[in-house]
Amino acid sequence: MITGYSVFLIVTAIITTFLAVYTGRHRRQVLSSATGTVLLLVAITLYIGGYGMELISTDPAGMLFWRMVEYVGIAPIPLLLLIMVLGYTDRTRHFSPAILALLSIIPVITLVLVLTQNPLHYQTIGIDTSEPFPQLVFTPGPWYYVNSGYLFISQLVGTMLLVGAYRRSTRPLYKRQVRIMGIGMVAPFIAFILYLAGLSPVPHMDLTPFALFITAVASTIGIFSFRLFDLTPFAHSVILQRIPVGVMVVDDLERVTEANPAAEAAFGLAPGDGIGRPAAALTDRFPELPGILRRVRPGVEEEVRHDDQHFTFEVVPLGDEGEQPAGSVLLIRDITLWRQAEESLRRRTDELEVANRQLELISAITRHDISNQLVVVDGYLDLLHEDGMTTPQAGVVEQVQNATDRVGRIVTFMRDYQAIGTSAPVWTDLRSLPGKAAAEVALGKVRISNLLPDIEVLADPLLEKVIATLFENAVRHGGRVTKILLSARTSPAGLTIVCEDDGVGVAEDRKERIFERGYGSNTGLGLFLAREILSITGMTIAETGIPGVGAQFEIRVPPGRYRHGSVPKEITERVLTPRPDG
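Residues numbered from 1 in each chain as written. Predicted model: local features only at pLDDT ≥ 70, side-chain atom pairs only at ≥ 80, totals over all residues. Heavy atoms only, no water.

Asks: Please clarify how the nonpolar core should be interpreted in this entry.
Replies: If you look at soluble globular proteins, the nonpolar side chains tend to sit buried side by side. Counting residues in each nonpolar core, the largest one holds 45 residues, and the members touching the most others are Leu40, Leu55, Ile77, Tyr144, Leu162 and Met205. Contributions of two or more residues to this core are made by α1 (4-25), α2 (33-56), α3 (60-74), α4 (77-88), α7 (142-168), α8 (172-196) and α9 (208-225). Considering each element in turn, this core owes the most residues, ten residues, to α4. When sequence neighbours within four positions are dropped, the list of residues in contact with leucine 162 reads Val85, Tyr88, Val178, Met181, Gly182 and Met185. (Core = buried A, V, L, I, M, F, W, Y, C linked by side-chain atoms within 4.5 Å. Buried < 20%, exposed > 50% of the residue type's maximum accessible area, 1.4 Å probe, protein only. Helix = DSSP H or I, 4+ residues; strand = E, 2+ residues; numbered from the N terminus. Contact = heavy atoms within 4.5 Å.)

Here is the structure:
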């Protein structure tokens, strides 16, 4: 029989169905309460709609069928209410699968007893036709009271959690959310107590489905007016309130729903002033904010300056990847101190550069003065040779001459070592290096064969000196050297430049020691300096020759540090005319 009661319940069921679909599909929750909320709305819909159809039915079989449909929704409601509140208050981290399974025992048993019509839940079932429309009546079994007690406990725990959330919240918006949720929970709870006490205005009529209409209305107001289930006060955790990074939560309509103290300080807002306002209204300090929010590029920070303060903004969209975001989180970092430190470091660097230039000037003047004095010493030594000396005296003069030569080479090393790294790396034509290097070395009768390809390397400008050092090393220590060959090869590991001669080679136990500073029969600085120059641009050098056959030095250039010339050329041997001694 269709009555006003049944029509009211069917309409209410339609409303809760709409809310379930809207919450599940259009809000794209990132919160743990989303699934529980949708399932709770579905359960309420089954309860209300099933009871509305039960009131329409007139035969016992139909009424009993719809009662079973109702219990598909009634049985899980206590558990789903608890899940929703735990998710809203950000307490689901304590809700383990084991606890969920334990709390599901009573709802599962209740549903099984009802579906099997076990007398533990309903001892007797009948129909009362004394009222204007027939109603299903029953005698409660022991499990009916167990399930009712379970409902009371879950309602009590949920209410206590909401009261705690209300007391902890410092934002008016979230206080209103908690109040609307409390109304939605308390109304059916009171109606159920009145039903159990027999205080229903219509005998045997369950008032709970009607009270759930209040829950539906409260949910509608909460969802559309207070952004309920969109963004909840889980952001009010102690950690979020105390972290130095500003966090501002903005919904999909660019309204601010959360701002921690650090964000409020950055925007110059009093606590709670920005909540519920459009982000565009908070741009007195940062007019760039609307554009930053719309770009939504996670991982990319944009720097903004306000007076003497510097901030970076990063936007993180809320929602699943590939979907329309349900909002975004704006991360605001105050980098003022970092920028001040950077500026201080820049000033200090400028001061060091000035000091370094002064030291370079002093060093250059000192080297020049030492060189001049060495010229004077050499001149007096030459005069001593001309005046004639005894053999012991000539030996002493020769030792002094050797010492002055060594001092001269040390001065030259100081000049060259100081120049390392002072100029930016440049692209250098590899084929032209041997000719330039040969002009600096007294090769005597040694012939240079250049088989280097048309390749450019990104190297320190002193690379030419490295090649000259290898030539000088071959002439000075190679013994019987008559030819030096330069070539190169490429591989996935990079470019290898090879400089080999036909001299006596390098003993196995000296292959690494020759690059040490001070090792060798001369100054012991040439190969050490060569390795230092190459290391600036990531190059390495090693001696790989065969002792007794000849020395072979391999310079390895990493990928990306060399390129082929703009005009390919055929590789042909280029023989350099030796520069005569002297």
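Asks: It is not clear to me how the pattern of salt bridges should be interpreted in this structure. Could you clarify?
Replies: Applying the stated criterion across every chain yields a total of 16 salt bridges. The residue arginine 67 makes a salt bridge to glutamate 70 at a minimum N-O spacing of 3.6 Å. Residue arginine 67 and its partner glutamate 70 are located together in helix α3, separated by three residues, close to a single helical turn. Summarising the burial analysis for this pair, arginine 67 and glutamate 70 share the class buried. Of the charged contacts in the structure, one is a salt bridge between glutamate 456 and arginine 563, with a shortest N-O distance of 2.6 Å. One end of the pair, glutamate 456, is in strand β10 (residues 455-459); the other, arginine 563, is in strand β15 (residues 562-564), with 107 residues separating them in the sequence. Owing to a relative accessible area of 22%, glutamate 456 belongs among the partly exposed residues under this scheme. A relative accessible area of 37% places arginine 563 in the partly exposed class. Residues participating in the shared-partner salt-bridge network are Glu303, Arg339, Glu342, Glu343, Arg346 and Arg347. (Salt bridge = Lys/Arg side-chain N within 4 Å of Asp/Glu carboxyl O.)

Asks: I keep staring at the sheet that holds strand β5 (residues 302-306) and nothing clicks. Help me out?
Replies: Hydrogen bonds between backbone groups are what pair the strands of a sheet, and the pairing can be parallel or antiparallel. If you walk across this open sheet you meet the five strands as β4-β3-β7-β6-β5, and the pairing is antiparallel. The open sheet has two edge strands with one neighbour each: β4 (256-259) and β5. The mean angle between the axes of side-by-side strands here comes to 25°, regardless of whether they run parallel or antiparallel. Where strand β3 (residues 246-251) lies against strand β7 (residues 327-334), six bridges are found, and the strand directions are antiparallel. Each residue of the ladder has a partner; that of glycine 246, found in β7, is isoleucine 332. (Pairing = 2+ DSSP bridges. Axes fitted to C-alpha atoms, helices over the stretch in contact; angles between N-to-C directions.)

Asks: It is not clear to me how the packing of aromatic side chains should be interpreted in this structure. Could you clarify?
Replies: Centre distance and the angle of the planes are the two values used to describe a pair of aromatic rings. What the rule picks out here adds up to 17 aromatic pairs. Where tyrosine 5 meets phenylalanine 210, the ring centres are 5.9 Å apart and the plane angle is 85°; that geometry is what we call edge-to-face. Taken together, the residues span a long stretch of sequence, with tyrosine 5 in helix α1 and phenylalanine 210 in helix α9 at a distance of 205 residues. Residue classification places phenylalanine 210 among the buried positions, given a relative accessible area of 16%. Note on tyrosine 71 and tyrosine 122: the rings are 6.1 Å apart at their centroids and 85° apart in plane angle, and the pair reads as edge-to-face. (Phe/Tyr/Trp six-rings, centres within 6.5 Å; stacked < 30°, edge-to-face > 60°.)

Asks: What exactly am I supposed to notice about the environment of alanine 551 here?
Replies: Structurally, the position occupied by alanine 551 is in the loop between β13 (540-543) and β14 (552-557). Taking the C-alpha atoms as reference points, alanine 551 and glycine 505, 46 residues apart in sequence, are found 4.0 Å from one another.

Asks: It is not clear to me how the sheet that holds β15 should be interpreted in this structure. Could you clarify?
Replies: Spatial strand order, β8-β10-β15: three strands in an open sheet with antiparallel pairing. The strands lining the two open edges of the sheet, one partner per strand, are β8 (426-429) and β15. On average, adjacent strands in this sheet sit at an angle of 30° to one another, irrespective of strand direction. In the sheet, β10 pairs with β15 via three bridges, with the strands oriented antiparallel. Within the sheet, the bridge partner assigned to valine 457 lies in β15 and is tyrosine 562.

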